[in-house]
Amino acid sequence: MSYSSQGVVEKGKVMPGDVLATIEEFLPGEGVYVDPVKGFIRAAAPGVAYLDMSRRIAYVKPHKKPQTPGPGSEVAALVTGVRGDLVVAEVYGVVRLSPKPAWLYELPSPYSAAIPISHIADEYIKNIEDYYRIGDWILAKIVSRTPPFTLSTVEPRYGVVYAICSRCGAVMEFQSERSMKCPKCGNVEKRKVSIHAKSRHLRIRLVRNLVIYRS
């Protein structure tokens, strides 16, 4: 931690979600967001955190690095459409799944993407809705160079990590790599489920759009 002549404290490098201060002590500035549950001001992007002691403002100067994923990038995406031979999705952030799941960064805005039926699973697919449904959050790998991206979920680590029960609206839980179960009403639905859906290490946070925790 270092001080400048203008009364600004440099707190060092931060990642999305890191705590800078509390809302009782500081106001949120650029590059941060307020956690209303715990009352913390958290970093919204990777960068260097600062506390302006005179104006009582906490802010982050983001790292200047490309925020566009490419081939091989592992991403968190939202399923927005299901057609006869195609799953339509929006890519919201980049993750790392090995050696253990970690959230890297949220994209400035979502990228359009699609999963062709041949990239969904390593098996014959009769009905895509037995694998993905609108509103599912999935982990996937980008296999094309430019947006709209082509995604693949063939490997076991890719697939659904968050789904809503079609009967009662509760968050469903991992049952197997091909099904999820509602803990509230007992409804079982078919999905192509990521093996990380049951991981204690998986935590996906989207600052600008919504927040999902899975632990």
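None of these values were measured; they are calculated from a predicted model.

A. Structural view of the sheet that holds strand 6 (residues 40-43). Spatial strand order, 3-6-5: three strands in an open sheet with antiparallel pairing. Only two strands of the sheet have a single neighbouring strand rather than two, namely strand 3 (19-22) and strand 5 (32-35). The average angle at which neighbouring strand axes cross in this sheet is 30°, direction not considered. Direction of pairing for strand 3 relative to strand 6: antiparallel, over a ladder of three bridges. By the bridge assignment, Thr 22 is partnered in strand 6 with Phe 40.

B. Representation of the pattern of salt bridges within the structure. Under the defined criterion, the tally for this structure stands at nine salt bridges. Across the salt bridge formed by Glu 155 and Lys 141, the nearest N and O atoms sit 3.0 Å from each other. Taken together, the residues span a long stretch of sequence, with Glu 155 in the loop between strand 13 (149-152) and strand 14 (159-162) and Lys 141 in strand 12 (residues 137-142) at a distance of 14 residues. In this structure, Glu 189 engages Arg 191 in a salt bridge whose closest nitrogen and oxygen atoms are separated by 3.0 Å. For the residue pair Glu 189 and Arg 191, the accessibility class agrees, reading buried in each case. Ionic contacts of the salt-bridge type, sharing partners, join the residues Glu 74, Lys 141, Glu 155 and Arg 157 into one network.

What counts, and at which threshold
Residues numbered from 1 in each chain as written. Predicted model: local features only at pLDDT ≥ 70, side-chain atom pairs only at ≥ 80, totals over all residues. Heavy atoms only, no water. Pairing = 2+ DSSP bridges. Helix = DSSP H or I, 4+ residues; strand = E, 2+ residues; numbered from the N terminus. Axes fitted to C-alpha atoms, helices over the stretch in contact; angles between N-to-C directions. Salt bridge = Lys/Arg side-chain N within 4 Å of Asp/Glu carboxyl O. Buried < 20%, exposed > 50% of the residue type's maximum accessible area, 1.4 Å probe, protein only.

That's the geometry; what it means functionally is another story.
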